[in-house]
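Secondary and tertiary structure notes
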Amino acid sequence: MRRAEPERELIRRVTPFLFPAVGVAFALGAALGGPNAGWSTAIGVAVVAVNFVGAGLSFAWAATISPMALAAVGVVGFFVRMTTILVLMIALNRLDWFSPTAFAAAVVPATAVLLMFE
């Protein structure tokens, strides 16, 4: 029996925790800073979750091509994902209810938790 790629296996193991993590982020943000902070933290955790899945799928794809493709996806993908988070934060900052502080306060620990899980 063929074993799944490690990247897809990691996504499969993490996925059940993503929606509860967004809910916990909302509850914690709302408790500490009100509903606007709750939505901002929930969006931050959701962005990290989507980034994680996107990175895993792109690494799984690149691993089937070549080691060079895997390295390129690693370097370029990191830049694209970080730029996406920054652009999203700047775009959302135009909304009255968005809290960039709460967003960043959720993105950093959520990223750290996922990195430790990996």
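Here we summarise the structure given alongside this text. Per chain, the residues get numbers from 1 upward, laid out in the order the sequence is written. In keeping with the predicted nature of the model, local features appear solely for residues at pLDDT of at least 70, side-chain atom pairs appear and are counted solely at 80 or more, and the whole-chain, interface and lining totals rest on all residues. The basis for every side-chain value is the complete set of non-hydrogen atoms in the structure, without hydrogens or water.

Within 6.5 Å between ring centres, the rings of Phe, Tyr and Trp (the latter by its six-membered ring) count as paired, and their orientation is classed by plane angle as stacked under 30 degrees, edge-to-face over 60, tilted in between. What the rule picks out here adds up to 3 aromatic pairs. Relative to Phe98, the ring of Trp97 has its centre 6.2 Å away and its plane inclined at 80°; by these criteria the two rings are edge-to-face. With a 1.4 Å probe rolled over the protein chains alone, any residue whose accessible area is under 20% of its type maximum counts as buried; one over 50% counts as exposed, and the rest are partly exposed. Relative accessible area serves as the criterion here: at 32%, Trp97 is assigned to the partly exposed category. Here Phe98 falls in the buried class, since its relative accessible area comes to 6%. Three or more aromatic residues joined by ring pairs form one cluster here, namely Trp97, Phe98 and Phe103.

We now examine the layout of surface pockets. Of the two site types, the cavity is a set of points on a 1 Å grid over the protein atoms alone where a 1.4 Å probe fits but cannot get out, and the pocket is an open set with protein on both sides within 12 Å along at least five of seven lines, each lined by residues with an atom within 4 Å of a point. Grid points are joined across faces, edges and corners, and a volume is the space filled by probe spheres set on the points. As a volume, the largest pocket reaches approximately 520 Å³. What lines the largest pocket is a set of 23 residues, among which Ala21, Val45, Pro109, Ala110 and Val113 lie closest to the centre. Only DSSP runs of H or I covering at least 4 residues are called helices, and only runs of E covering at least 2 are called strands; the numbering of each starts at the N terminus. Elements that contribute at least two residues to the lining of the largest pocket include exactly helix H1 (6-33), helix H2 (35-63) and helix H4 (100-117). Top contributing element to the lining of the largest pocket by residue count: H1, with 10 residues. Taken together, the residues of the lining of the largest pocket sort by class into 20 nonpolar, 3 polar and no charged. Think of it as three bins: nonpolar holds Ala, Val, Leu, Ile, Met, Phe, Trp, Tyr, Cys and Pro, charged holds Asp, Glu, Lys and Arg, and polar takes everything else, Gly as well.

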